[in-house]
Amino acid sequence: MSTHQPAADPLDKGTQQHVDPVNPAAAADAIPAVDPRLLVREQGLSGYLNEFGRKLKAGDLGSLPVVLGLIVIWSIFQSLNSNFLSPENLTNIAITMVATGMMAVGIIFVLLLGEIDLSVGSVSGVSGAIVAVLAVTHGVNEWLAILAAVTGGALIGAIHGFFFAKIGAPAFAVTLSGLLFWSGAMLQILGSNGTINLDPDGVVGQLTTYYFSDVAAGYGLAALAVAGYFLATFFDNRRREAAGVPSRPLTEILLRTGVLALFTFGPAVVFNQYKGLPLAVVLFVVALVGTDFLLRRTTFGRNVFALGGSVEASRRAGINVAGIRIAVFSIAGTFAAVGGLFWASKIAAANQSAGAGDLLMNVIAAAVIGGTSLFGGRGRTWNALLGVMVITSIQYGLALEGIATPIQYMITGAVLLATVVIDSVTRKTQKTAGRA
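Thresholds applied
Sequence order sets the numbering: in each chain, residues are counted from 1 along the sequence as written. Confidence filtering applies because this is a predicted model: local features only for residues at pLDDT of at least 70, side-chain atom pairs given and counted only at 80 or more, and all residues used for totals across whole chains, interfaces and linings. Side-chain measures were taken over the full set of non-hydrogen atoms in the model, leaving aside hydrogen atoms and water. Every helix listed is a DSSP run of H or I at least four residues long, and every strand listed is a run of E at least two residues long, numbered separately from the N terminus. Only protein chains enter the accessibility calculation, which uses a 1.4 Å probe; a residue whose area is less than 20% of its type maximum is buried, one above 50% is exposed, and one in between is partly exposed. Note on contacts: a residue pair is in contact if any heavy atoms of the two residues lie within 4.5 Å. For every accessible area listed, the method is Shrake-Rupley and the probe measures 1.4 Å; residues are considered covered only by the protein chains on display. Comment: axis = line fitted to C-alpha atoms, over the contacting stretch for helices; angle = value between 0 and 180 degrees taken between N-to-C directions. Should an angle lie under 35 degrees it is considered roughly parallel, over 145 roughly antiparallel, and from 65 to 115 roughly perpendicular; all remaining angles are considered oblique. Residues are sorted three ways: Asp, Glu, Lys and Arg are charged, Ala, Val, Leu, Ile, Met, Phe, Trp, Tyr, Cys and Pro are nonpolar, and all the rest, Gly among them, are polar. Expected helix span is taken as 1.5 Å per residue step, with the number of steps being one fewer than the number of residues. Here the aromatic set is Phe, Tyr and Trp, taking the six-membered ring for Trp, and pairing holds for ring centres within 6.5 Å; pairs whose planes are under 30 degrees apart are stacked, those over 60 apart are edge-to-face, and all others are tilted. Here a salt bridge means any side-chain nitrogen of Lys or Arg lying within 4 Å of a carboxyl oxygen belonging to Asp or Glu. Buried Ala, Val, Leu, Ile, Met, Phe, Trp, Tyr and Cys residues form a nonpolar core when they are joined through side-chain atoms within 4.5 Å. Here a crossing is called left-handed whenever its near helix is offset anticlockwise from the far helix by less than a right angle, and right-handed whenever the offset is clockwise.

Participant: Would you take a moment to explain the overall build of the chain for this structure?
Facilitator: On a plain count of helices and strands, the chain comes out with 16 helices and four strands. For the chain, the residues scored as buried account for 40% of the 436 residues in total. Considering only intrachain contacts with a sequence separation of at least 6, the fraction spanning at least 24 residues in the chain is 77%. Roughly 22400 Å² of accessible area belongs to the chain as shown, and the carbon and sulfur atoms make up 66% of that amount.

Participant: How do you make sense of the packing of helix α4 (residues 87–112) against helix α13 (residues 321–347) when you look at a structure like this?
Facilitator: Angle between the axes and distance between the axes are the two parameters that describe a pair of packed helices. Between α4 and α13, whose axes approach to 7 Å, the crossing angle comes to 170°. Judged by the inter-axis angle, α4 sits roughly antiparallel to α13. Between α4 and α13, the residues in contact are Ile95, Thr96, Val98, Ala99, Thr100, Met102, Met103, Val105, Gly106, Phe109 and Val110 and Val328, Phe329, Ile331, Ala332, Phe335, Ala336, Val338, Gly339, Phe342, Trp343 and Lys346, respectively. Within the contact of α4 with α13, the residues separate by chemical class into 17 nonpolar, four polar and one charged.

Participant: Sorry, what's going on with helix α14 (residues 359–369) here?
Facilitator: Residues separated by three or four positions in an α-helix point in the same direction, a consequence of the helix having 3.6 residues per turn. Where burial is concerned, most of α14 is hidden: 10 out of the 11 residues are buried. Burial in α14 covers these residues: Leu359, Leu360, Asn362, Val363, Ile364, Ala365, Ala366, Ala367, Val368 and Ile369. Directly after α14, the chain includes Gly371, whose backbone phi takes a positive value near 125°.

Participant: I tried to follow α13 on my own but got confused; where do I start?
Facilitator: The terminal C-alpha atoms of α13, which comprises 27 residues, lie 40 Å apart, in line with the 39 Å expected from a rise of 1.5 Å per residue. For α13, a buried count of 20 out of 27 residues is recorded, marking the element as mostly surrounded by other parts of the structure. With its phi angle positive at about 55°, Ala348 sits one or two positions after the end of α13.

Participant: I tried to follow the packing of aromatic side chains on my own but got confused; where do I start?
Facilitator: The geometry of two aromatic rings is summed up by the distance between their centres and the angle between their planes. Per the counting criterion, the structure on display carries eight aromatic pairs. Taking the centre distance of 4.7 Å and the plane angle of 85° together, the rings of Phe181 and Trp182 count as edge-to-face. Residue class for Phe181 comes out exposed when judged on its relative accessible area of 54%.

Participant: I would appreciate a short explanation of the side chain of Asn237 in the present structure.
Facilitator: Positionally, Asn237 belongs in helix α8 (residues 215–243). Apart from the residues lying within four places of it in its own chain, the contact partners of Asn237 are Ser247, Arg248 and Ile253.

Participant: Would you mind going over the pattern of salt bridges with me for this structure?
Facilitator: Pairs can form between side chains of opposite charge whenever their charged atoms are close. Throughout the structure, instances matching the rule amount to six salt bridges. A salt bridge links Asp292 to Arg296, with the nearest nitrogen and oxygen atoms 3.1 Å apart. In this pair, Asp292 and Arg296 both sit in helix α10 (residues 279–297), four residues apart, roughly one turn of the helix. Take Arg296: its relative accessible area is 41%, and that puts it in the partly exposed class.

Participant: Help me understand the environment of Arg296 in this model?
Facilitator: Residues Arg296 and Arg380 lie 84 residues apart in sequence; the distance between their C-alpha atoms is 8.6 Å. Arg296 has contacts with Arg302 and Arg380, leaving out every residue within four places of it along the chain.

Participant: Before we go on, may I ask you to explain the environment of Ile95 in this structure?
Facilitator: As for its placement among the helices and strands, Ile95 is situated in helix α4. Spatially, the C-alpha atom of Ile95 lies 7.1 Å from that of Pro278, the residues being 183 residues apart in sequence.

Participant: Honestly, the nonpolar core in this entry has me stumped. Any pointers?
Facilitator: For soluble globular proteins, the rule of thumb is that nonpolar side chains tend to be buried together. If you look at the biggest cluster of nonpolar residues, it comprises 82 residues, and the most contacted ones within it are Met102, Phe284 and Phe342. Considering each element in turn, this core owes the most residues, 15 residues, to α4. Those residues within four positions of Phe284 in sequence are excluded, and the remaining contacts are Met97, Val98, Gly101, Met102, Val105, Leu385 and Val388. Formed by five residues, the second largest nonpolar core is a distinct cluster that contains Ala94, Leu277, Val281 and Val282.

Participant: Would you explain the packing of α14 against helix α15 (residues 382–400) in this entry?
Facilitator: Contact geometry for α14 and α15: axes closest at 6 Å, N-to-C directions at 120°. For the element pair α14 / α15, the angle class is oblique. Relative to α15, α14 is oriented so that their crossing is right-handed. For the pair α14 and α15, contact is made by Asn362, Ala365, Ala366, Ala367 and Ile369 and by Asn383, Gly387, Val388, Val390, Ile391 and Gln395, respectively. Across the contact of α14 with α15, the residue classes break down as seven nonpolar, four polar and no charged.

Participant: What exactly am I supposed to notice about the side chain of Asn303 here?
Facilitator: Within the fold, Asn303 resides in helix α11 (residues 299–309). Note on Asn303: relative accessible area 18%, which makes it buried. Once residues lying within four places of it in the same chain are set aside, the contact partners of Asn303 are Ile319 and Ile324.

Participant: Whenever I open this one, unusual backbone geometry confuses me. Can you help?
Facilitator: Negative phi values dominate among residues other than glycine, just as trans dominates among peptide bonds. Positive phi, normally seen in glycine, also occurs at Ala348, with a value near 55°. Considering the arrangement of structural elements, one finds Ala348 in the loop between α13 and β4 (349–351).

Structure (structure tokens):
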């Protein structure tokens, strides 16, 4: 009497081997398919070190170069001037970098498509002019004036996206035209006077001057961020375990939470030693968290990355290419307008020089230096934070040493060139390793 044995599923999970239907005997020599992430986590610390080394060899450097560069920059300037790492100077750096950082967040979305937006500087100037004329000259409620300015930025970006996505004009040419057009529009809005002073106690005026002076604010926000990260990661891990997919061990979650605590409570300590937690920094962090969630956790974000990887493949996959492009440029325009409000707050005025000078180059440099690829398809909005920290730190450090502005431009340009070279070499290395 024979007993019927059910056939093994050749795709069954676990330790079962793949069964060759033509040559079943070959199954004995087959190697089980195991998720490499499981092997890394099973090996503990040595596994992560080996994985880190493998990524370096494959050109997957991540944010390592910019973090090391920031450490070197801070070390050099602190050795030259002991006031560089003082709570006051670090707080001033943090507040100053918000305007450029906000604009860099928007430009990252465009760079992920492998495109460029040259109009963000002039759009930021237009937003400041709109707020000043509406709120100061015409007495419109300041919140309504801010809404009009931000909405105007989004609309301007959508117009640029339309000509690029629907008409087929190159993004470079469209946004270069926008740079000129909106610069002229800003001058027209400001009128013959050219400068409109803002109320320093108004909403826009306090964007860069308001501090949460109670020490509980800084420490409380840091604790909230750490607790939120731990709980989100822990429950996401439980969900993955229940679904039978790779998950992180509790020790790794605790280690990551500890690192985050270091990078949140550290700044809180510094801010509380000066005037307290700046409102500008809080708003910047909120923008970073929100846009990071948008890119990494939503269908829209996945479509942006897919489009940056291959336009034709995205089109074949059913992605609305034109719609994504228009939305991305609209996001860039929105953040350019928000950045313009912070610049207006910094100088407590809207004037003809807004959005001019080296602002555009600093915005693009911040995104690229932070780790966003100029070739599209790789980057995170947190790159804006790292990149703008590098640029602003260089500017403040050189200013403390009395270095002339031309030298500042030269050094910033050299840092940007080095970053682009690293990005290009990284892509070549990844292609060689079969990862690109």
